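# Summary of the model geometry
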Amino acid sequence: MRVLSVDDGSFQLDGTPFRVLSGALHYFRVHRDQWGHRLAMLRAMGLNTVETYVPWNLHEPWPGDFRRVDELGAFLDAAAAEGLLAIVRPGPYICAEWDNGGLPVWLTGRLRTSDPEYLAHVDRYLDWILPQVAERQVTRGGNVIMVQVENEYGSYGSDHAYLRHLADGLVRRGIEVPLFTSDGPADYYLTGGTIDGVLATVNFGSEPEQAFATLRAHRPNDPLFCMEFWCGWFDHWGHEHVVRDPHDAADTLERILAAGASVNLYMAHGGSNPGTRAGANRDGAQADGGWRPTVTSYDYDAPIDERGAPTEKFWRFREVLSAYTEELPEVPAVPAVLPPTTLRPEGSVLLRQALDVLARPEVVAPVPPTFEELGLEHGLVLYRTTVPGPREPHPLTLREVRDRAHVFVDGRPAGVVERDAEVLPGPVVGGFAVVEVLVESMGRTNYGPLLGERKGLLGGILHHQQYLHGYGARAIPLEDVSALAFEQGTVDEAPAFFRTVLEVTEPADAFLMLPGWGKGYVWVNGVLLGRYWDRGPQRTLYVPAPLLRAGGNEIVHLELDRVGSVLELRAEPDLG
């Protein structure tokens, strides 16, 4: 039995002064077969602890439908095998640039409050997930040393009864290690997001002296801890790739440690946003402005890059951390990469022809049902309605598109409508006319007051000033496309699926690029990697070696906008 305690404003592990040198590595953003390598990279950088969030919506996408049931526990065991302690941040909200901040789309009640309806869902989730954490605490022979209460709650609200319910619930479910909150280093964050008896930590990317002075003013007896040292940043579609100078980041890390503080590098290794799990952010000081969806890569300009290779930042951090670590292990070998090559699709099928095998039965409603009402987290929904007639032509207005819509009138493409741009840019439409709208969802807002957003054609369709009523809606999930039947050759129109075969002698990592194509999704051997978009900044998708096998490998992609001719494997990533 081991104990992490707080004595005179500092941590003690088994009665000996201890500094937490942690790095964030999310088990759900890294292929399970690669956990060992990435954790060994953390140790080699000079860290003694790994931190991970737990995304509720990954484990319970629909009420009572618990999935990937052993994954968190297995990751904590893998960390222990590499000699790492662990910090667990189970939510229920995590932010993390993850869809809806980790909250399931089906939640009811007032989110992130002490509303009993919401808390009933939270309690059921915590009952399910926390045994994996409790049995692995250092007090029971495991490696978990700290557990978080909510996440950056001071950036959202001030319902201390909610935080107290969560903290008491953690203790009641067997959590014995120190509990903590994490917030920005400002008065309103720390007064809204902290409660008595729970350690307070702060998150920042620069000016550690100022941040710790603010923390000290509020919590003079708590250990200094930067729970998120933002040593890089994330990217949004259509915006520049964000990088941070390694020497500047290393200087800030040195100043954090010189202050006597513990630290968690966010991120030590970012990994990828798998499938459709990338979130979105909103502009403005109130986080309620323009919507910015996050890219598939979560490289984060971290010291360990998306495929697990050390960067210049890694070496600078290792140099700083070496002064605080007794012995630095050897740095693991860099994973191999497949040689560059050009591939051509061998088969294709139009999305319209694939509806019978992919789409769910049509739902009829007076107004367009949302994705959530159709039981769909993410993917596509094909809405169909009719303009009454006979009548004169008028523009179509699609209100509150969430998030992007391809419009067809009498079977012919009529234009693309994106979120916040409502009027169809194509021709005016008369009646009688059949209007079909293929709506694609992207990331839900993961931070700020606008959590819990819905997807679909939320505001309906106006013909001139009149609402169109009476819709058929077919949900098109994208998790499993194995039932597709491809025809030889390639079509020259979108939306369509394309099949390409990659021959591999020995599996290795790869970077897949789709030059000349527009926007869509990629599957490798049946696993949905994520989204691509010629809008950038990300140009390549990381393909982990464990997804490949010796021999033929199937690459399927769904192109929504513009058909290209080839796919390419690159030796290096292109993130912008």
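Look above for the structure.
Anyway, here's the lowdown on the structure attached to this text.

Conventions used here
- Residues numbered from 1 in each chain as written.
- Predicted model: local features only at pLDDT ≥ 70, side-chain atom pairs only at ≥ 80, totals over all residues.
- Heavy atoms only, no water.
- 1 Å grid on protein atoms, 1.4 Å probe; cavity = no way out; pocket = protein on both sides within 12 Å on 5 of 7 lines; lining within 4 Å.
- Points joined across faces, edges and corners; volume = space filled by probe spheres on them.
- Helix = DSSP H or I, 4+ residues; strand = E, 2+ residues; numbered from the N terminus.
- Nonpolar A, V, L, I, M, F, W, Y, C, P; charged D, E, K, R; others polar.
- Salt bridge = Lys/Arg side-chain N within 4 Å of Asp/Glu carboxyl O.
- Buried < 20%, exposed > 50% of the residue type's maximum accessible area, 1.4 Å probe, protein only.
- Axes fitted to C-alpha atoms, helices over the stretch in contact; angles between N-to-C directions.
- Parallel < 35°, antiparallel > 145°, perpendicular 65-115°, else oblique.
- Contact = heavy atoms within 4.5 Å.
- Phe/Tyr/Trp six-rings, centres within 6.5 Å; stacked < 30°, edge-to-face > 60°.
- Pairing = 2+ DSSP bridges.

One pass over the full model with this rule turns up three cavities of 30 Å³ or more. In this structure, the largest cavity spans a volume of roughly 60 Å³. Forming the walls of the largest cavity are Trp233, Phe234, Asp235, His241, Val295, Ser297, Tyr298, Asp299, Tyr300, Pro537, Gln538 and Leu575.

Gaps between atoms show up when a probe of the same size as a water molecule is rolled over them. By volume, the largest pocket amounts to about 900 Å³. Taken together, 37 residues make up the lining of the largest pocket; nearest its centre are Arg68, Pro274, Gly275, Val527 and Leu528. For the lining of the largest pocket, the elements supplying multiple residues, two or more each, are helix H1 (35-45), strand E31 (527-533) and strand E32 (540-543). Here the lining of the largest pocket is built from residues that sort into 16 nonpolar, 10 polar and 11 charged. Lining the second largest pocket are 23 residues, and of these Glu152, Ser155, Tyr189, Trp230 and Tyr447 sit closest to its centre. Of all the secondary structure elements, the ones that give two or more residues to the lining of the second largest pocket are helix H6 (187-193) and strand E10 (225-230). In the lining of the second largest pocket, the residues fall into 15 nonpolar, five polar and three charged.

Quick look at the pattern of salt bridges now. Counted according to the given criterion, the structure contains 39 salt bridges. The shortest N-O distance in the salt bridge between Asp301 and Lys313 comes to 2.9 Å. Of this pair, Asp301 sits in the loop between strand E13 (291-293) and helix H9 (312-321) while Lys313 sits in helix H9, and the two are 12 residues apart along the sequence. As far as burial versus exposure is concerned, Asp301 and Lys313 are alike and both buried. Two residues, Glu554 and Arg499, come together in a salt bridge whose shortest N-O distance is 2.6 Å. Highlighted residues: Glu554 in strand E33 (residues 551-559) and Arg499 in strand E28 (residues 496-504), separated in sequence by 55 residues. What emerges from the salt-bridge pattern is a single network uniting Glu207, Glu209, Asp251 and Arg255.

Before going further, it helps to examine the packing of H1 against H9. For the pair H1 and H9, the least separation of the axes is 8 Å and the interaxial angle reads 50°. The orientation of H1 with respect to H9, classified from their angle, is oblique. Note on element contacts: H9 touches H1 through Phe314, Phe317, Arg318 and Leu321, opposite Met41, Ala44 and Met45.

Right, let's get into the packing of aromatic side chains. Per the stated rule, a full pass over the model turns up 27 aromatic pairs. A centroid spacing of 5.0 Å and a plane angle of 90° characterise the contact between Phe314 and Trp315, whose relative ring orientation is edge-to-face. Overall, the relative accessible area of 0% leaves Phe314 in the buried class. With a relative accessible area of 36%, Trp315 lands in the partly exposed category.

This part covers the pairing of strand E15 (residues 347-350). Of the two faces of E15, the one holding Gly347 and Val349 and the one holding Ser348 and Leu350 are both buried throughout. By the bridge criterion, two bridges tie E15 to strand E27 (residues 487-488) in an arrangement that is antiparallel. Looking across to E27, one finds that Gly347 is bridged to Gln488. In the sheet, E15 pairs with E28 via four bridges, with the strands oriented antiparallel. Bridging across to E28, Ser348 finds its partner in Phe498.

Let us look at unusual backbone geometry. Looking along the chain, the bond that leaves Ala494 and enters Pro495 is cis, with omega of 5°. Along the chain, Pro495 turns up in the loop between E27 and E28. Geometrically, the link from Gly536 to Pro537 is a cis peptide bond, its omega value of 10° lying close to zero. As for its position among the elements, Pro537 is in the loop between E31 and E32. A positive phi angle, close to 60°, is found at Ala96, a residue other than glycine. Structurally, the position occupied by Ala96 is in the loop between strand E6 (85-89) and helix H4 (116-134).

Honestly, it's all geometry; don't read function into it.
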